[in-house]
Amino acid sequence: MDIKVLANPQEIGAAAGKIFCDFIRNKPDAVFGLATGMTPVPTYEYMANEYAKGNVSFKKLTSFNLDEYCELPREHKNSFYSFMVDNLFSKIDLDHKNINFLDGNAADPAAESERYANAIKAAGGIDIQLLGIGRNGHIGFNEPADEFSDEAFKVKLTDSTIQANSVYFDDVPMPRYAMTMGIGSIVRARKIIMIATGESKAEAVKKMVEGEINAQNPASVLRNHPDVTVFLDREAASLLSKSPESV
Ligand code: GLP
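None of these values were measured; they are calculated from a predicted model.

About the cut-offs
Residues numbered from 1 in each chain as written. Predicted model: local features only at pLDDT ≥ 70, side-chain atom pairs only at ≥ 80, totals over all residues. Heavy atoms only, no water. Pairing = 2+ DSSP bridges. Helix = DSSP H or I, 4+ residues; strand = E, 2+ residues; numbered from the N terminus. Contact = heavy atoms within 4.5 Å. Axes fitted to C-alpha atoms, helices over the stretch in contact; angles between N-to-C directions.

Chemist: How would you summarise the sheet that holds strand β5 (residues 99–100) if you had to cite specific residues and measurements?
Modeler: Taken in spatial order, the seven strands of this open sheet run β1-β10-β9-β6-β2-β3-β5, and their pairing is parallel. The open sheet has two edge strands, β1 (2–6) and β5, and neither has a second partner. Where strand β2 (residues 31–34) meets strand β6 (residues 128–131), two bridges bridge the pair, whose relative direction is parallel. Within β6, the residue paired with Gly33 across the bridge is Gln129. Packing against the sheet, helix α1 (residues 9–26) makes contact with β1, β2, β6, β9 (191–196) and β10 (228–233), and its axis sits at approximately 165° to β9. Each of β3 (62–65) and β5 touches helix α4 (residues 109–122); the most contacted strand, β3, lies at about 150° to it.

Chemist: Before we move on, could you go through the sheet that holds strand β8 (residues 177–180) and cite the residues and values that matter?
Modeler: The pairing of strands in a sheet happens through backbone hydrogen bonds and is either parallel or antiparallel. Pairing within the open sheet is antiparallel, and its three strands lie in the order β4-β8-β7. Looking at the sheet topology across the chains shown, the edges are occupied by β4 (67–69) and β7 (153–156). Going from strand to strand, the sheet's axes swing by 30° on average, the running direction of each strand aside. Pairing geometry for β4 and β8, over three bridges, is antiparallel.

The following block contains the structure:
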C-alpha cells in the first residue's frame, strides 16, 4: 500500500486524475471502476479538463460504478448514475453504451449481482478502480460486517452512512438500501487508487492502514492487494502512527 500525502483535494484530484488519464492513454480500451461521493469530484474535474484540452480520449473506455441506491429512479438527481453523468460522463467522449451500473431497483438482487459479475468478466475485469472511503471505513457500500462479501449484493445502509448522505436528499427520503459491488469484486481490480480527505476520514484511514484486517474494518482488506496507491491530505492522514511520505 503506497501512501502519499498531498496538500489539498485539488492536488489529490490532479494526482489521481493523471494516473487514470495516463492509464487510458496507454490502454485506450481500458476498464475503469469508478466511485461517487464528494471526494472523487476533483479527480473527475481533472479528467474532464484533460479531455477538454484534447490531451486524452475516453472513446473506448468501459466503466463500472461501485454502487447505486435502491428505491430511487436511475434519473433521480441524487442517484449515483446522475452524479456520474453530472460530474464526468457528460463532460467526456465516453460512449454511454459502455457505462455499467448496478440496477438498484432490480427485483432480484442475486440475479442482478450475477449479471454485473458477468459483465465485468466479459469486459476482461477492471483494470483500475477508484475508491473513496466512508467515515465508518466502508468501500463502495461494503459496511462493517461479520465477513467479507464477494460479488455484488443488496446492503442495508448503516445509520452512519445514512446520516452522512441524507443531507443531499431534499425531495425524497434517503434510501435505506443500496446495491454495491462486493469486496471480492473490488479487490479483483488489477490496480486500486484510494483517495480520502478531511478530518472525518482520519479514523477510517488509520483503521485501514493500521487496524486489524477483518470485515468489521472493510477497507483494511486493501492491505492484501498488490497494487494500491492511497492519496491523503494531512487531515485524513493525521491519526497515522508514522507519517507517510509527503509529496
Ligand atoms: C458513499 C459511497 C462511497 C464513498 C463514500 C464517501 O458511501 N458509496 O463509495 O466513498 O460515500 O463519500 P465522500 O467522498 O462524499 O465522503
